[in-house]
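Given next are the chains, with one letter for each unit.
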Amino acid sequence: MNRSTIDLWVGLFVVAGLAGLLFLSLKVANLASFSTSNTYMVQANFLNIGGLKIRAPVKSAGVVVGRVTDIRFDTETYKAIVSINLESIYQFPRDTSAKILTSGILGEQYIGLEAGGDGVMLKQGDRIRLTQDAVVLENLISQFLFNKAAEGKGDEKK
Amino acid sequence: MALTALRARLERLGGLVTSMVWRLGYASRFLGYLVAHSGTAFRRFRLTVAEIYFAGVLSLIIILVSGLFVGMVLSLQGYETLQRFGASESLGVLVALSLVRELGPVVAGLLFASRAGSAITAEIGLMKATEQISAMEMMAVDPIARVVAPRFWGGVISMPLLAALFSAMGIFGGYLIAVPLIGVDSGAFWSQMQAAVDFSNDILNGVIKSVVFGVAVTWIAVFEGYDAPPTAEGVSHATTRTVVISSLAILALDFVLTALMFTGGNR
């Protein structure tokens, strides 16, 4: 086999390898559809974030409008500070509320935004004031049991 | 009597450990020398290209076929488990994540070690046994720069490309089983995969793994070949050692890298 044929095969191999990488990054990781360049950051405080993780989606009306970029614990207020990167094409009013929701029963947790009616829009570095914490299953169950017990007592008295 | 036997045994053990450390030191110095003298491998890139052909292009068939089958098996097995929880749409996530993070680099590395690593060791060992290496030294040609460095860089360049092709082929194989055969929705297959697989966290880490494995496997292969006793038996032992040590090195390094990359759910 002479040299030029080897070069051709090696060239094909390198092209195929790079094409494989490109396939992985574009088709599998979907790198293209989510550009990180045009975003603005807002923060929200929660008493309990449940199982929320960094990179969790932020959705409004079910559409992904941003991602969670940072989760921190504030030792002064004892709250979690969640930083969110929102895409600049999506502007939200200043009185938007943020909820921690779960997709499905056992699915991943995400942040749901509900737009308010304020005329002023959220800017870089703003804080979302209206927040609703994650629902902790144990608390829910204990509340349910407590209510049941209270109901039972009420019945006996009658 | 018993004491002398015990002492002899202890001495043998000590000698074994010392010689192992000795060899490790020699191998590290060898790697340093190799990297420092790899100018020729890049100035005369033809030499490296020929080695990429031997290590990479000729490994393509085995890598692609294994990738296809591994992906298909993953898909079948994953479906068995996922459909019990009514989550068969997550099949794409399962196949893609396990291939990109683990199986792609590791299985491609193991195949590469047995397909290309053993060939490199045997080739260099035989060159040494037939005194071609000494002949080069006589002609004032540095055998490490002329023979070893192109093989090393050829392997290091080929390995990430092979791992990427393995993963891509595996995902294609998983798709073939999941969508046309089992009947998972094609849109859900891809969109769930795209939502779960992250570029820097999953794909880039997989590429880093494959580069590390490439360096480890080819380093072991060229060193074992260069260090082999110049006899038929020596070369055969060196070839065996290349496959065994590099397979163990891949699995151990994979554990270390995984522990570094994927621990801590909140990152």
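Residues numbered from 1 in each chain as written. Chains lettered and ligands numbered in written order. Predicted model: local features only at pLDDT ≥ 70, side-chain atom pairs only at ≥ 80, totals over all residues.

Observations regarding the pairing of strand 3 (residues 63-74) of chain A
Residues and elements named next belong to chain A. In terms of strand pairing, strand 2 (residues 57-60) meets strand 3 through four bridges, oriented antiparallel. Residue S60 lies in a different strand from strand 3, and its bridge partner there is V63. With antiparallel pairing between neighbouring strands as the criterion, strand 2 and strand 3 make up a hairpin whose turn holds two residues, including A61 at a positive phi of roughly 55°. Here eight bridges tie strand 3 to strand 4 (residues 79-87), and the two strands are oriented antiparallel to one another. (Pairing = 2+ DSSP bridges. Helix = DSSP H or I, 4+ residues; strand = E, 2+ residues; numbered from the N terminus.)

What about the confidence of the model for chain A?
Taken as a whole, chain A shows an average pLDDT of 83; of its residues, 87% reach a score of 70 or greater. Averaged pLDDT values for the elements of chain A fall to 80 in helix 2 (residues 137-157) of chain A and rise to 90 in strand 4 of chain A. (pLDDT = per-residue confidence, 0-100.)

What about the pairing of strand 6 (residues 109-114) of chain A?
In summary, the side chains of a regular strand alternate between the two faces of the sheet. All names here are of chain A. With two bridges joining them, strand 2 and strand 6 adopt parallel strand pairing. Residue pairing in the sheet places K59 in a bridge with G112 of strand 6. Across six bridges, strand 5 (residues 97-102) lies against strand 6 in antiparallel orientation. By the bridge assignment, L101 is partnered in strand 6 with Y110.

Notes on the interface of chain B and chain A
Contacts between chain B and chain A engage 26 residues on the former and 22 residues on the latter. Sorting the residues of the side of chain B that touches chain A by element identifies helix 3 (45-55), helix 5 (91-129), helix 7 (143-182), helix 8 (186-196) and helix 9 (199-227) of chain B as the ones contributing at least two each. With six residues, the single largest contributor to the side of chain B that touches chain A is helix 7 of chain B. Class assignment for the residues of the side of chain B that touches chain A results in 17 nonpolar, five polar and four charged. (Contact = placed C-beta atoms within 7 Å. Nonpolar A, V, L, I, M, F, W, Y, C, P; charged D, E, K, R; others polar.)

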